[in-house]
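Next come the chains, spelled out residue by residue.
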Amino acid sequence: MNDFFTLLKYAFLGLVQGVTEPIPVSSSAHVIIVQKLFGLEIAGLGFEVLVNFASLLAILLIYKNDLIQLIKHAWLYLSGKEEQYKKDFHFILYLILATIPAGLIGYLFNDLISDVFKGMLTIAISLLITGIALWLIRNLRGRKNEAGLKLKDAVIIGLAQAVALIPGISRSGATIVAGMGLGLKQSTALKFSFFLYIPISVGSMILEGSNLIRDPEIGTLALPYSLAFICSLVASYFSMKWFMGIMERGQLKYFSWYCFLLSAFILLFLL
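Computed from a predicted model, the values in this text were never measured in an experiment.

S.K.: How should a nonpolar patch on the surface be read in this particular structure?
M.R.: A cluster of nonpolar side chains, namely Ile 100, Leu 104, Ile 105, Tyr 107, Leu 108, Phe 109, Leu 112, Val 116 and Leu 207, defines an oily patch on the protein surface of about 890 Å² accessible area. When residues of the nonpolar patch are assigned to their parent elements, the largest contribution, 8 residues, is made by helix H4 (residues 86-116). Note that Ile 105 resides in helix H4.

S.K.: What exactly am I supposed to notice about the packing of H4 against helix H6 (residues 151-163) here?
M.R.: Helix-helix packing is described using two parameters, namely the angle between the two axes and the distance between the axes. Contact geometry for H4 and H6: axes closest at 8 Å, N-to-C directions at 30°. Judged by the inter-axis angle, H4 sits roughly parallel to H6. Two packed elements cross with a definite hand, and for H4 against H6 that hand is right-handed. Residues Tyr 94, Leu 97, Ala 98, Thr 99, Pro 101, Ala 102 and Ile 105 of H4 form the contact with H6, whose own contacting residues are Leu 151, Ala 154, Val 155, Gly 158, Leu 159, Gln 161 and Ala 162. Its residues assigned to classes, the contact of H4 with H6 comprises 11 nonpolar, 3 polar and no charged.

S.K.: Looking at this model, I keep getting lost on the side chain of Ser 172. Mind explaining?
M.R.: Of note, Ser 172 is situated in helix H7 (residues 171-181). On the basis of relative accessible area, Ser 172 is assigned to the buried category, the value being 1%. Of note is the side chain of Ser 172, whose polar atom sits 3.3 Å from the side chain of Ser 170. Setting aside anything within four residues of it in sequence, one finds Ser 172 in contact with Glu 21, Pro 22, Ile 23, Pro 24, Ser 193 and Phe 194.

S.K.: Sorry if this is basic, but what is going on with the pattern of salt bridges here?
M.R.: Close approach of charged atoms lets side chains of opposite charge pair. Using the criterion set out here, one finds 5 salt bridges in the structure. Salt-bridge contacts for Lys 152 lead to Asp 153; the nearest nitrogen and oxygen are separated by 3.5 Å. What you see here is one network of salt bridges that share partners, running through Asp 66, Glu 146 and Lys 191.

S.K.: Help me understand the layout of surface pockets, please; the structure alone is not making it clear to me.
M.R.: Unoccupied space between atoms shows up once a probe the size of one water molecule is rolled over them. Space inside the largest pocket adds up to approximately 910 Å³. Those elements that place two or more of their residues in the lining of the largest pocket are helix H2 (27-38), helix H3 (46-80), H4, H7 and helix H8 (186-213). Split into classes, the residues belonging to the lining of the largest pocket amount to 16 nonpolar, 16 polar and 6 charged. Size it by volume and the second largest pocket reaches roughly 270 Å³.

S.K.: Where do I start with helix H9 (residues 218-249) in this structure?
M.R.: A turn of α-helix holds 3.6 residues, and therefore any two residues three or four places apart point the same way. Helix length check: H9 (32 residues) gives 44 Å between terminal C-alpha atoms against 46 Å at 1.5 Å per residue, within 8%. The largest bend in H9 comes to about 30°, at Pro 224.

S.K.: What am I meant to see in the packing of helix H1 (residues 4-20) against H9 here?
M.R.: Across the interface, H1 lies against H9 with an axial gap of 7 Å and an inter-helix angle of 30°. The orientation of H1 relative to H9 falls into the category roughly parallel. Considering the relative orientation of H1 and H9, their crossing is right-handed. Here Leu 7, Tyr 10, Ala 11, Gly 14, Leu 15, Gln 17, Gly 18 and Val 19 of H1 lie close against H9, whose contacting residues are Leu 223, Pro 224, Tyr 225, Leu 227, Ala 228, Cys 231, Ser 232, Ala 235, Ser 236 and Ser 239. For the contact of H1 with H9, a count of residues per class yields 12 nonpolar, 6 polar and no charged.

The rules we used
Residue numbers run consecutively from 1 along every chain, following the written order of its sequence. Totals for whole chains, interfaces and linings use all residues, but because this is a predicted model, local features are given only for residues with pLDDT of at least 70 and pairs of side-chain atoms are given and counted only at 80 or more. To get the side-chain values, take all heavy atoms of the structure and skip hydrogens and water. Exposure above 30% relative accessible area and no salt bridge define the residues that can form patches, which grow by joining like charges within 9 Å and nonpolar side chains of Val, Leu, Ile, Met, Phe, Trp and Tyr within 5 Å. The protein chains shown are the only cover counted for residues, whose accessible areas, like all others here, come from Shrake-Rupley with a 1.4 Å probe. A carboxyl oxygen of Asp or Glu within 4 Å of a side-chain nitrogen of Lys or Arg is what we treat as a salt bridge. By the criteria applied, helices consist of DSSP H or I runs no shorter than four residues and strands consist of E runs no shorter than two, each listed in order from the N terminus. Between N-to-C directions, angles cover 0 to 180 degrees, with each direction set by a line fitted to C-alpha atoms, over the stretch in contact for helices. Each angle is binned into one of four classes, with values under 35 degrees roughly parallel, values over 145 roughly antiparallel, values of 65 to 115 roughly perpendicular, and all other values oblique. We call a crossing left-handed when the near helix sits turned anticlockwise from the far one by less than a right angle, and right-handed when that turn is clockwise. Should any heavy atoms of two residues lie within 4.5 Å, those residues are counted as being in contact. Just so you know the grouping, Ala, Val, Leu, Ile, Met, Phe, Trp, Tyr, Cys and Pro go in nonpolar, Asp, Glu, Lys and Arg go in charged, and all remaining residues, Gly too, go in polar. Only protein chains enter the calculation, and the probe is 1.4 Å; a residue is then buried if its accessible area is under 20% of its type maximum, exposed if over 50%, and partly exposed in between. Side-chain atoms alone can form a polar contact between residues adjacent in sequence; in general such a contact is a pair of N or O atoms within 3.5 Å, and within protein one must be able to donate a hydrogen while the other accepts it. Here the term cavity refers to a set of points on a 1 Å grid, laid over the protein atoms alone, in which a 1.4 Å probe fits but cannot get out; the term pocket refers to an open set having protein on both sides within 12 Å along at least five of seven lines, with lining residues being those that place an atom within 4 Å of a point. Grid points are joined across faces, edges and corners, and a volume is the space filled by probe spheres set on the points. In this scheme, a helix's expected span is set at 1.5 Å multiplied by one less than its residue total. In this analysis the local bend is the angle between axes fitted, respectively, to the seven residues ending at and the seven residues starting at the residue.

Here it is in structure tokens:
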């Protein structure tokens, strides 16, 4: 199991997950495609959850100051009802609300989604849909910042995240498209999207962590999984930094083209 080429494959899987998690091209689709190309059969969701958690840690590093400030201000509003902190309190409430659809559907139907929607045809169609969605909002420049977020915005973005449980529908892409479609500024849509990733990733890790620890092959899997985790963490950090610059320059059209090309590649060569 732990021969050099196997370790190299897992390291590459981690890199693929890390690079594609922050950007709107569906990391789950890329991991499935690479597994197919490498002939790797990874049972269960433990590996996927682990490398996703590595991506979360990278995103927390980038947004740590914003997150600390958000929590601090929300607490100050709760304890002192100071109006200037109201928007931060509401931001957290909206994040909680937007987490519910994907959290509930994922908890109830995770195995079903994994079994039914991991086929290459589904991924190709989903990538096509992601590309079309990105193309439609490529030129939008919203005006609403965090203070402008409304209850309905949180609900719609949360439903978009739930749709992204299907491999090929990018989670970041779906939530950013929904946010920008609702008139959010690019920076606000990006921030809400990745803060929304926190509870989903933590919840998945809690649910799957025990299964991963109890895996009878954990001794054999420890090294390749650890290598993939580290690669995912490092790649996610730099990919996120890069994507933040892309969002500022309004260049989402390039990700749309990429989704179209990858969808075509799957239809031509992997079905």
